[in-house]
Amino acid sequence: MTAKAGVIGWPVEHSLSPLLHGHWLDAYGIDGRYEKIAAAPEAFAATIRDLRQRGFRGVNVTVPHKEAAFALGETVNQAARSTGAANLLVFKPDGGIGVDNTDATGLFDSLQQELGPLALDGKNIVLLGAGGAARGAAFGLQAFGHAARITILNRHKARADQLVAHMRAHLPDANFTTGTLEDWPAAAADARLAVNTTSAGMKGNPPLDLDLGALNKSAAVCDIVYSPLETPLLKDAKARGHQTIDGLGMLMHQAAPSFQAFFFAEMQGRMPEVTPRLRQTLVKALQARD
Ligand code: ATR
């Protein structure tokens with residue numbers, strides 16, 4: 001029987017997940033299907049029940065359902081608990097639902113692939129933003145890396161403080177500090193990495209107003225935004241000679257553990273590979289939208 005999984009969101013038309021999972025289904029010759037499922041917030045829980053009855057193995061969850069998905073779960077892992085949000089629901093044969101947030105590992109795995117293992121150990125990181133996307137990023141950098149310090153800077157500092165208070169409840173040893181964007185020059189001076197999780201620089205939004213001249217010369221700059229692929233921040237960083245990491249890396253790496261979970265038997269437990277060919281497929285799809 002054809003194995004089924006999908007992505008649920010509202011709206012969901014622009015999701016690149018079907019392309020990602022479709023690529024791996026082809027690459028590994030799996031008899032599977034990955035669908036887009038549009039569900040309004042009030043229909044979320046009923047749609048999940050329906051998908052389960054229809055034999056789906058699980059779903060990825062995107063905006064605006066990530067908090068509702070977290071609340072649905074019975075088996076919640078630490079990444080989902082610490083972020084209060086889930087992007088992966090796995091329907092278990094015993095009737096339970098496994099809940100995960102793979103955004104955290106997605107960012108970390110992408111950084112590791114680009115910077116090499118241990119590149120962030122003992123180093124300082126600046127995380128820009130304190131919204132939903134920042135939660136996964138902060139958890140991923142803290143839980144999987146061994147940074148000396150993670151400085152979270154946000155326009156409204158209170159939000160950064162709230163994020164850190166929430167994280168500390170789950171990761172008591174977390175080494176976070178917070179500030180506003182005015183604290184950028186001091187934080188940037190000894191950073192090994194700066195990560196943008198704000199929506200500034202996204203297509204249709206004004207760019208982040210930051211002076212990259214303040215950044216340590218050996219720092220890398222990562223933007224989790226992938227539309228456009230080269231944000232004004234990354235363009236500026238590249239022009240100044242910094243290594244840059246765009247948002248497609250995180251997108252591909254957050255999808256890999258979902259695919260592994262949905263098609264575990266067919267993959268014999270293996271993780272699907274994030275390859276240059278997969279990246280090319282996504283780049284083409286993004287270019288076709290411009
Ligand atoms: P998401 O779930 O995508 O993270 P969000 O929760 O609305 O979205 O958070 C958006 C983030 O982008 C916030 O950190 C926001 O800063 P504030 O909390 O101070 O509003 C940040 N942001 C949006 N536009 C920005 C801009 N022009 N400059 C700086 N930060 C910006």
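Residues numbered from 1 in each chain as written. Predicted model: local features only at pLDDT ≥ 70, side-chain atom pairs only at ≥ 80, totals over all residues. Heavy atoms only, no water.

Visitor: Is there a simple way to think about the sheet that holds strand β6 (residues 97-100) in this case?
Guide: Strand pairing in a sheet relies on backbone hydrogen bonds, with the paired strands running either antiparallel or parallel. What the six strands build is an open sheet, ordered β2-β1-β3-β5-β6-β4; its pairing is mixed. At either end of the open sheet lies a strand with only one pairing partner, and these are β2 (32-38) and β4 (75-76). Running at roughly 5° to strand β5 (residues 88-91), helix α10 (residues 247-262) makes contact with β1 (3-9), β2, β3 (56-61) and β5 of the sheet. (Pairing = 2+ DSSP bridges. Helix = DSSP H or I, 4+ residues; strand = E, 2+ residues; numbered from the N terminus. Contact = heavy atoms within 4.5 Å. Axes fitted to C-alpha atoms, helices over the stretch in contact; angles between N-to-C directions.)

Visitor: Where do I start with the packing of helix α5 (residues 103-115) against α10 in this structure?
Guide: Describing two packed helices takes the angle between their axes plus the distance from one axis to the other. Look at α5 against α10: their axes get within 7 Å of each other, and the N-to-C directions meet at 125°. In terms of orientation, α5 and α10 fall into the oblique class. Between α5 and α10 lies a crossing of right-handed hand. When α5 is examined against α10, the residues D103, T105, G106, L107, D109, S110 and Q113 are found in contact with a partner set consisting of G249, M250, H253, Q254 and P257. (Parallel < 35°, antiparallel > 145°, perpendicular 65-115°, else oblique. Left-handed = near helix turned anticlockwise from the far one by under 90°.)

Visitor: Help me out: how do you make sense of the site of the ligand in this one?
Guide: Residues in contact with the ligand amount to 14 residues; listed here are only the nearest, A130, N154, R155, H156 and R159. Contacts to the ligand include A133, whose backbone N or O atom sits 3.0 Å from an oxygen atom. H156 is positioned with one of its side-chain polar atoms (N or O) 2.5 Å from an oxygen atom of the ligand. Relative to its free-state accessible area of 640 Å², the ligand is covered by the protein chains to the extent of 71%. Among the residues making up the shell around the ligand, the classes are represented as five nonpolar, seven polar and two charged. (Near = heavy atom within 4 Å. Polar contact = N/O pair within 3.5 Å; in protein donor to acceptor, adjacent residues only side chain to side chain. Areas by Shrake-Rupley, 256 points an atom, 1.4 Å probe, with all protein chains shown as cover. Nonpolar A, V, L, I, M, F, W, Y, C, P; charged D, E, K, R; others polar.)

Visitor: What am I meant to see in the sheet that holds strand β10 (residues 191-196) here?
Guide: Spatially, the six strands line up as an open sheet ordered β9-β8-β7-β10-β11-β12, and their pairing is parallel. Edge positions in the open sheet fall to β9 (176-179) and β12 (243-245), since each of these has one partner strand only. On average, adjacent strands in this sheet sit at an angle of 20° to one another, irrespective of strand direction. When β10 meets strand β11 (residues 220-223), the two strands line up parallel, connected through four bridges.

Visitor: Quick question: what am I supposed to make of empty space enclosed by the protein here?
Guide: Summary: where empty space remains is shown by rolling a probe the size of a single water molecule over the atoms. This structure, assessed with the given rule, holds one cavity of 30 Å³ or more. Empty space within the largest cavity amounts to approximately 30 Å³. For the largest cavity, the full set of lining residues is N196, A200, G201, P207, L208, D223, T231, P232 and L233. (1 Å grid on protein atoms, 1.4 Å probe; cavity = no way out; pocket = protein on both sides within 12 Å on 5 of 7 lines; lining within 4 Å. Points joined across faces, edges and corners; volume = space filled by probe spheres on them.)

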